[in-house]
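# Geometric and topological summary
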Amino acid sequence: MSSFEPKIVAFLCNWCTYAGADLAGTSRYQYPPNVRVIRVMCSSRINPAFIINALLEGADGVLVSGCHPGECHYTSGNYMARRRLVLMHRMLEYLGIHPDRFRMSWVSASEGAKWAEVVTEVTEAVKVLGPNVIKREQVWMQQSL
Amino acid sequence: MDATKSLRAIAREVLGREDIACLIGYEKGSYGFRAQPCVLTEPDQADRLIFSPLCVHNLTNYLTLEQIGPLSKADIGKGKIAVVVKGCDSRAITVLCAENGIKRENLYVIGVHSPGVVDLKKIERRFPNAVEPAEVSLEGDSFTITCEGETASVPRSELVNAKCLRCKNNVPQGCDVVVEGPEHSMEDDFADIAALEAKPLEERAHMWQEQFSSCIRCYACRNSCPLCYCSECILDKLRPQFVRRSVDFPENLLFHSARAFHLAGRCIECGECERVCPQDIPLMVLNRKLARDVKELFGYEAGADPEQKALFVTFKPDDPNEGIL
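Please read these numbers as outputs of a predicted model, since none were measured by experiment. (Residues numbered from 1 in each chain as written. Chains lettered and ligands numbered in written order. Predicted model: local features only at pLDDT ≥ 70, side-chain atom pairs only at ≥ 80, totals over all residues. Heavy atoms only, no water.)

### Overview of the overall build of chain A
The following threshold applies: Helix and strand definitions here come from DSSP, where helices need a minimum of 4 consecutive H or I residues and strands a minimum of 2 consecutive E residues; each element is numbered from the N-terminal end. Just to be clear, the radius of gyration here is over C-alpha atoms, and the globule rule we use is 2.2 Å times residues to the power 0.38.
Across its full length, chain A carries four helices and four strands. Across chain A, helices and strands are ordered from the amino to the carboxyl terminus as β-α-β-α-β-α-β-α. Computed over C-alpha atoms, the radius of gyration of chain A comes to 15 Å, within 12% of the 15 Å expected from 2.2 N^0.38 for 145 residues, which places it in the range of a compact globule. Across its three principal axes, chain A shows a C-alpha extent of roughly 40 × 35 × 30 Å.

### Focus on the packing of aromatic side chains
This is how the line gets drawn: Aromatic pairing here means that ring centres of Phe, Tyr or Trp (its six-membered ring) are within 6.5 Å. Orientation follows from the plane angle: under 30 degrees is stacked, over 60 is edge-to-face, and everything else is tilted.
The full count for this structure, using the stated rule, is 11 aromatic pairs over all chains. Summarising the aromatic geometry, the rings of Tyr31(A) and Trp115(A) are spaced 6.1 Å apart at their centres and angled 80° between planes, so their arrangement reads as edge-to-face. Of this pair, Tyr31(A) sits in the loop between helix 1 (17-26) and strand 2 (35-40) while Trp115(A) sits in helix 4 (residues 112-129); the two residues are 84 residues apart in sequence, bridging distant segments of the chain. Aromatic side chains Tyr79(A) and Phe315(B) sit 4.6 Å apart centroid to centroid with 10° between the ring planes, which places their arrangement in the stacked category.

### Thoughts on the sheet that holds strand 6 (residues 142-147) of chain B
All names here are of chain B. Which entries qualify depends on this criterion: Pairing between two strands is assigned when DSSP locates at least 2 bridges connecting them. Axis lines are fitted to C-alpha atoms, over the contacting stretch for helices. Their N-to-C directions set the angle, which ranges from 0 to 180 degrees.
Overall, antiparallel pairing links the three strands, which are arranged 5-6-7 in an open sheet. One side of each edge strand has no neighbouring strand; the edge strands of this open sheet are strand 5 (135-139) and strand 7 (150-155). For this sheet the average axis-to-axis angle between neighbouring strands, irrespective of direction, equals 20°. In this sheet, strand 6 lies alongside strand 5 in antiparallel orientation, the contact comprising five bridges. Paired with glutamate 135 across the bridge in strand 6 is threonine 146.

### Regarding helix 1 of chain A
Residues and elements named next belong to chain A. Using the following cut-off: Between buried and exposed lies partly exposed: a residue is buried under 20% and exposed over 50% of the maximum accessible area for its type, with that area taken using a 1.4 Å probe on protein chains only. The directions from the helix axis to the C-beta atoms are what the arc is built from. Contact between two residues is taken to exist if any of their heavy atoms lie within 4.5 Å; hydrogens are not considered.
Among the residues of helix 1, Thr17, Gly20, Ala21 and Ala24 are the ones counted as buried. For helix 1, the buried positions fall inside an angular range of 100° around the axis, keeping them on one side. In helix 1, the exposed positions that point more than 90 degrees away from the buried face belong to Asp22 and Thr26. Residues of helix 1 that are buried sit in contact with strand 1 (8-13), strand 3 (61-66) and helix 4. Once helix 1 ends, the next one or two residues include arginine 28, with phi positive near 60°.

### Remarks on unusual backbone geometry
Residues and elements named next belong to chain B. Cis geometry marks the peptide bond from arginine 239 to proline 240, where omega comes out at -5°. In this structure, glutamate 148 is a non-glycine residue whose phi angle is positive, near 55°. The residue glutamate 148 is located in the loop between strand 6 and strand 7 in this model. Classification of glutamate 148 as partly exposed rests on a relative accessible area of 41%. Phi is positive for glutamate 269, which is not a glycine, with a value near 60°. One can find glutamate 269 in the loop between helix 10 (249-262) and helix 11 (272-276).

### Remarks on the environment of Thr60(B)
Residues and elements named next belong to chain B. Assignment of secondary structure puts threonine 60 in the loop between strand 2 (35-40) and helix 2 (73-77). For threonine 60 and threonine 146, which are 86 residues apart along the polypeptide, the C-alpha to C-alpha distance reads 29 Å. Residues in contact with threonine 60, not counting those within four places in the same chain, are Val85, Asp89, Ala92, Ile93, Leu96 and Pro226.

### Things to note about the environment of Gln279(B)
Residues and elements named next belong to chain B. How we decide: Pairs of N or O atoms are called polar contacts if they sit within 3.5 Å, as long as, within protein, a hydrogen donor faces a hydrogen acceptor (for residues adjacent in sequence, only side-chain-to-side-chain pairs).
Mapped onto the elements, glutamine 279 comes out in the loop between helix 11 and helix 12 (283-298). By relative accessible area, glutamine 279 is classed as partly exposed at 32%. Residues glutamine 279 and proline 53, 226 residues apart in the sequence, show an inter-C-alpha distance of 23 Å. Within the structure, the side chain of glutamine 279 is placed 2.8 Å from the backbone oxygen of serine 214, a separation counted as a polar contact.

### Some thoughts on the pattern of salt bridges
Operational definition: In what follows, salt bridge is the name for a side-chain nitrogen of Lys or Arg lying within 4 Å of a carboxyl oxygen of Asp or Glu.
Tallied over the entire structure, the rule returns 33 salt bridges over all chains. With its nearest N and O atoms 2.7 Å apart, the salt bridge here joins Arg90(A) to Glu322(B). One end of the pair, Arg90(A), is in helix 3 (residues 77-94); the other, Glu322(B), is in the segment after helix 12, on a second chain. The exposure class of Arg90(A) is buried, given its relative accessible area of 14%.

### Some details on the domain arrangement of chain B
Residue and element names in this part refer to chain B. Applicable threshold: Boundaries between domains were set according to an automatic or database domain assignment. As used here, buried area is the combined drop in accessible area, with a 1.4 Å probe, of two parts when they are placed together. Amino acids outside the nonpolar list (Ala, Val, Leu, Ile, Met, Phe, Trp, Tyr, Cys, Pro) and the charged list (Asp, Glu, Lys, Arg) are all regarded as polar, and Gly is one of them.
According to the domain assignment, chain B consists of domain 1 (2-179) and domain 2 (191-313). Just the C-alpha atoms count here: the centres of domain 1 and domain 2 sit 24 Å apart. Taken together, the 21 residues of domain 1 in the interface contact 24 residues of domain 2. For the pair domain 1 and domain 2, the two sides together bury roughly 1,900 Å², of which 50% comes from carbon and sulfur. Here domain 1 and domain 2 share four salt bridges between them. The shortest N-O distance in the salt bridge between glutamate 99 and arginine 266 comes to 2.7 Å. Counting every contact that joins domain 1 to domain 2 gives 11 residue pairs in polar contact (both at pLDDT 80 or more). Of the residues assigned to the side of domain 1 that touches domain 2, the class counts are six nonpolar, eight polar and seven charged.

### Quick look at the state of the cysteines
As a reminder, the rule being used: Defined by distance alone, a disulfide is two cysteine sulfur atoms within 2.5 Å.
One pass over the full model with this rule turns up one disulfide over all chains. Two residues share a disulfide in this structure: Cys16(A) and Cys67(A), whose sulfurs sit 2.3 Å from each other. Residues Cys16(A) and Cys67(A) are joined through a disulfide that is right-handed, its torsion about the S-S bond being 100°. Of this pair, Cys16(A) sits in the loop between strand 1 and helix 1 while Cys67(A) sits in the loop between strand 3 and helix 3, and the two are 51 residues apart along the sequence. Across the pair, Cys67(A) and Cys16(A) agree in class, each one buried. As a non-bridged cysteine, Cys38(B) has Cys55(B) as the owner of its nearest cysteine sulfur, 9.3 Å distant. Take Cys38(B): its relative accessible area is 4%, and that puts it in the buried class. Unpaired in terms of disulfides, Cys270(B) finds its nearest cysteine sulfur in Cys88(B), a separation of 6.2 Å.

As structure tokens, then:
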């Protein structure tokens, strides 16, 4: 498994983690190049179905990251997201999907170093798990979600 | 039998009123152990009504339909809908009203203290090939079953639906009129959920893979659910299309997790999804897992309080940060 490079889909909130990831870049922090960043306006934009869909579309791991609780640009979006996604995390584990395949984190715009740490930790964990086996079997129609 | 008698008397009175458009209740089915839902509009039809342990359906599912039995949408608008509910069904009305799915003032709720309904799959296994309409009543701790001219007595615990063995409260809440009967309430200890959680991840993954692979995606679980009434459903949306049309494990996994998740904090555990499943997928094992987690994480219980807001439109700043980096 040493040569396995996982694909990790990261949904980042526009106001905190996306800026944090940008800061990590401009500050020259090194972190694994395995994440594919998707920018969303708020972590509460994440429909739990996106997470399963990402896994079915071939992602080996999913990361959702937003502002720290209490610091949401929209006042309460991340609180809403937390309720949904903490429950989702438990449900996925119950359904037999390893809890390391879906992670959530709070990274603010000033935490470039934390972003690098989070990505390193998530990537290492997914590397240990190996490739995700739950993928769409019949891809007969190219479609964007 | 007494419940049937009082129910008929209530129905006769209710159907005679000007402000009632129809009454949704149960009537004798055409074969075997079937009772069937019926929609009555005239007082002289009241004697068709029955209430017995065969009345398994959750009739609140009809309340959100465009058309109820013979009544069109315009007819429904002319008056209130009277509906017969058991304890579990009444909680569906609480949730529906709380989330503005239906208006309470358009309903006339007739509650019945249900002593527990039978599990049709169990009873049909026990008495196979019953053709003539059979009768079942609960006397003491056993069901008295009259089937094909023979009478048998079977302990309640052997034929009763599993959901009734962990019934939170069989006293219907928020009713306009109640048919009294024995009361019981229990605490669900979620022992089976905890046992499944304690198993290794691979074993659980294997179990759900087997279960979801057998799903034929008939959508009966969604359609029979009184709380799945969105006019635009994620499960059959095409743009964007979340669940694709192939019926295989990956799509079914998305289908079932989306269905269960949309009921998180809303499912009142009437067990209709599991009852109608032609493949016997243990859907309640998933629904109850979410119900337990919602209670554990957020102290929230669906249908417990008519005033409480929906789970996912509220939050507490000190909600758990479980598993968040």
